[in-house]
Structure formats: C-alpha cells, structure tokens
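Observations on chain architecture
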Amino acid sequence: MTTRSRADEPLVTHIYTADPSAHVFQGKLYVYPSHDLDHEMASNDNGDQYDMEDYHVLSLDEDLAHAVDHGEALHLRDIPWASKQLWAPDAAYKDGTYYLFFPARDPHGIFRIGVATGLSPQGPFRAEPSYIPGSFSIDPAVFADDDGRTYMYFGGLWGGQLEKWRTGTYNADGEGPAATEPALGPRAVELKGDLLGFKETPREIRIVDEAGQPILAGDEDRRYFEGPWMHKHDGRYYLSYSTGTTHKIVYAIGETPYGPFVFQGTILTPVVGWTTHHSIVRYNDKWYLFYHDSSLSGGADNKRCVKMTELRYNDDGTIQTIDPYPPSE
Ligand code: FUB
C-alpha cells in the first residue's frame, strides 16, 4: 500500500503508471492505468517509447490517501491477437462481469481494441481470442449511460493511427487533414448488450465552436488529439480529451452521446512530460480528475505517474481550470 501525505503526490511510486481510467465499483474507487516500464526506448512521434506489456489495477481507500496495487491483471503474453504496446485502457461492469478494454498492435502493427473479462474489479482478466471486430486506433473510454446503453469513445492521432482510417479502411500512407480543414474527430460507437462487440459502425464525432463551426486541424489548442473521456453532468454529455501537441486536457459539451460537442475550455493545463491523459469520476458527492505526469521519473516521457485532484463546476456547468502545479501560498 502507498500512502500519500499530499493531494498532488502520485497514487503509487513503486511502478510507473499512466493513462488513468477511474471508476467506482461496489462503492470503491478503482483506477485502470497503463503500466509504464522502466526501460530506455527511442522516443519518436510513432510512440515506440510507450512499450508496455501488462496492466495493474489500483484501488483507493475511502480517505483517498491510501492506494493499493492489486498486481498484474492481464499480460501481453495472454492476449492471443496482440503483438505489443498495451496502451491506455478502460473498464466497465455489467451483469456480474467486469470488462477491461485496451488497445494494442495486432501482428501487422495496426492498433486494435480488445476486451478481457473477469469476475472482480481488480482482475485477473481473460482476453477474448480476437480484437473487437471493426475496432481500430487507441484509447478506448467506455461510458454507461443511464438509459442502459453503453458507448465506447476512442481514437488517437500520430502513433494512434487515426489518420490512417479516414476512408474507413486502413491506409498505411494515410495523412491528417490540412490545417484549414476540419480536424479529425474521435469515434463513438454503441456496444452490444454483452459489451464484447460494436452494435454499429463507429461514427466520427463533431467538435464545433460556439458558432457551430468545426474546430480546424490547425487549431492545436482546441482540436482533438487522443485520450477521450465521457461523463454526464446535469443531463449533459461532457467529452474531454488531450490536445496532444499543446498538452492540454480540454472539453466540449453535447446534448446526446454522439454530439455534436461545443468546445468550452481547458480542464488541465500542461503537466511535466509530453503526454497528458485523464478521467473524471464522481465519488462520495465530489468530482475528481485523474491524470498523469512524468514528475516521478524527473521528466521521462515514457515513465509517468498517476495523480488525482478534485474537479469543480461553476454554476453554469462549466468546469474550473486546474493548474497541476499551483503556486504555494
Ligand atoms: O500511454 C500510451 C499513450 O500515451 C496513450 O495511449 C496516450 O493517450 C498517451 O497518454
């Protein structure tokens, strides 16, 4: 067990963790992170430095000061279709089964999204024999709506390969839109009742400005890059995500799970390290932001640590911007 004496300390320090997806299961806060390995890899825009091989599940005591690592919940060697790079996962619960959703490269080097199931929120999880048919790219975020429907949001640029799927099939030479064209959006798809497959063809999500105009690919302070998350607050749908090259977590609000989503502003200003990735969860009547930075490793982009902090709304439903390193008083 790791004990935090200050709110801005990493949840655990004995391993590197990233990409936290937080959920409340059985009244307890669980965190599903990536597990960064302590190795040296060449760093490039393809993300080869993020060469992770397994998942660990964390949980927090009610006081949120004590975190437990429940150990290895799933390993690459036990995923029949995956060749490497277990990137940002998410989890869900339905009808007595816990689901771990995760991206990995298939034997052809193409990112796909897989699912594994278990009987406990902490795992272990058993992977399905193949990836989810019709899945591609990275960073699955699974959202259970209050009408019983479950959706997956996913997609990431660059190493996440979203540019290569613009025609609906994989094009190894595919490139993103010009700076003056609408940016690529994340994908949203309703899951089947057993959560093991897609019920429909994934749809591209539209993110627009206040005038209803699409956010453009050159608008790197606002355009979608990777790491989507969906939560519902006061009946509205909040899509939040990383802007990648400008290192922010930002959000947009929609009236349906498919949007369109109107851009609002910044949730989290840049952290130490290139990537930024988050989740938002309600626990004991407060809202929390889970995120990561590279402070534990002194700034190594591929050795990150998961942190959390309270997230607050204004009366109009907008979210107060969080500075991960506020000046001390
Ligand atoms: O952890 C590997 C990748 O880095 C994730 O999939 C992205 O969201 C970024 O955090």
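Attention here is on the structure that accompanies the text. What you see as residue numbers is a count from 1 along each chain, following the sequence as written. Reporting in this predicted model follows two pLDDT cut-offs: at least 70 for local features of residues, and 80 or more for side-chain atom pairs to be given and counted; totals over whole chains, interfaces and linings ignore these cut-offs and use all residues. Only hydrogens and water are set aside; all other atoms, that is, all heavy atoms of the structure, feed into the side-chain values.

**Here's the deal with the sheet that holds strand 21 (residues 305–311)**
Between any two strands, pairing holds if DSSP finds at least two bridges. The helix and strand labels rest on DSSP assignments: H or I over at least four residues marks a helix, E over at least two residues marks a strand, and numbering proceeds from the N terminus. Reading across the sheet, the three strands line up as 19-20-21 and stay open at both edges, with antiparallel pairing between neighbours. Edge strands, defined here as strands with exactly one partner in the open sheet, are strand 19 (278–283) and strand 21. Strand-to-strand twist in this sheet, taken as the mean axis angle between neighbours without regard to direction, amounts to 25 degrees. Where strand 19 lies against strand 20 (residues 286–293), six bridges are found, and the strand directions are antiparallel. Bridge pairing in strand 20 places His278 opposite Tyr291. Angles shown run from 0 to 180 degrees and are taken between the N-to-C directions of axes, each axis being a line fitted to C-alpha atoms and, for helices, limited to the stretch in contact.

**Remarks on the environment of Lys84**
Considering the arrangement of structural elements, one finds Lys84 in the loop between strand 5 (66–75) and strand 6 (90–94). The buried label goes to any residue with under 20% of its type's maximum accessible area, the exposed label to any with over 50%, and the partly exposed label to all in between, with areas taken from a 1.4 Å probe on protein chains only. Classification of Lys84 by relative accessible area gives partly exposed; the value is 37%. Once the C-alpha coordinates of Lys84 and Gln122 are considered, the two residues, 38 residues apart in sequence, prove to be 22 Å apart. Dropping the residues within four chain positions of it, Lys84 is found in contact with Asp51, Leu76, Ala104 and Arg105. Note on contacts: a residue pair qualifies if any of its non-hydrogen atoms lie within 4.5 Å across the two residues.

**Topic: the sheet that holds strand 7 (residues 97–105)**
Backbone-to-backbone hydrogen bonds pair the strands of a sheet. The strands run either parallel or antiparallel. Here four strands make up an open sheet; going across it, the order is 6-7-8-9 and the pairing antiparallel. Here the strands that pair on one side only, and so sit at the sheet edges, are strand 6 and strand 9 (126–127). Where strand 7 meets strand 8 (residues 111–118), eight bridges bridge the pair, whose relative direction is antiparallel. Looking at the pairing, Phe101 lines up with Val115 of strand 8.

**A short note on the pattern of salt bridges**
The rule for a salt bridge is simple: a side-chain nitrogen of Lys or Arg has to be within 4 Å of a carboxyl oxygen of Asp or Glu. Summed over the entire model, instances satisfying the criterion amount to 20 salt bridges. Note that Lys232 is salt-bridged to Asp145, the shortest N-O span being 2.9 Å. Of this pair, Lys232 sits in strand 15 (residues 226–233) while Asp145 sits in the loop between strand 10 (141–144) and strand 11 (150–154), placing them 87 residues apart in sequence. Taking relative accessible area as the criterion, Lys232 reaches 23% and is therefore assigned partly exposed. Here Arg222 makes a salt bridge to Asp219, at a shortest N to O gap of 2.6 Å. One continuous salt-bridge network, built from bridges that share partners, spans Asp147, Arg149, Glu190 and Lys199.

**What to know about the pairing of strand 2 (residues 16–25)**
Counting buried positions over the ten residues of strand 2 gives nine, a clear majority of the element. Bridge analysis of strand 2 against strand 3 (residues 28–36) gives eight bridges, and the strand direction is antiparallel. Across the sheet, the residue bridging to His23 is Tyr30, located in strand 3. Between strand 2 and strand 3, which follow one another and run antiparallel, lie two residues, and Gln26 among them has a positive phi close to 50 degrees.

**Description of the nonpolar core**
The term nonpolar core refers to a set of buried residues drawn from Ala, Val, Leu, Ile, Met, Phe, Trp, Tyr and Cys, joined through side-chain atoms within 4.5 Å. Within the largest apolar cluster, 37 residues are counted, with the highest numbers of intra-cluster contacts made by Phe101, Met152, Ile207 and Leu239. Tallying contributions element by element places strand 11 first for this core, with four residues. The contacts of Ile207, once residues within four sequence positions are left out, are Pro186, Gln213, Pro214, Ile215, Tyr224, Leu239, Tyr241, Ala252 and Phe261. Grouped together as the second largest cluster of nonpolar side chains are 20 residues, Phe25, Tyr55, Ala73 and Leu100 included.

**Examining the environment of Gly176**
Following the sequence through the fold, Gly176 ends up in the loop between strand 11 and strand 12 (187–190). Gly176 sits in the partly exposed class, given a relative accessible area of 35%. C-alpha separation for the pair Gly176 and Ala217, spaced 41 residues apart in sequence, amounts to 8.1 Å. Dropping the residues within four chain positions of it, Gly176 is found in contact with Glu163 and Arg166.

**Details of unusual backbone geometry**
A cis amide bond, omega 0 degrees, links Gly123 with the succeeding residue Pro124. One can find Pro124 in the loop between strand 8 and strand 9. At the junction of Gly259 and Pro260, the peptide bond is cis and its omega measures out at 5 degrees in the coordinates. Inspection of the secondary structure puts Pro260 in the loop between strand 17 (249–254) and strand 18 (261–268). Here Asp19, not a glycine, exhibits a phi torsion of approximately 55 degrees, which is positive. Phi at Ser137 takes a positive value of approximately 65 degrees, unusual for a residue other than glycine. With respect to the helices and strands, Ser137 occurs in the loop between strand 9 and strand 10. Since its relative accessible area comes to 0%, Ser137 is described here as buried.

Just distances and angles here, no functional claims.
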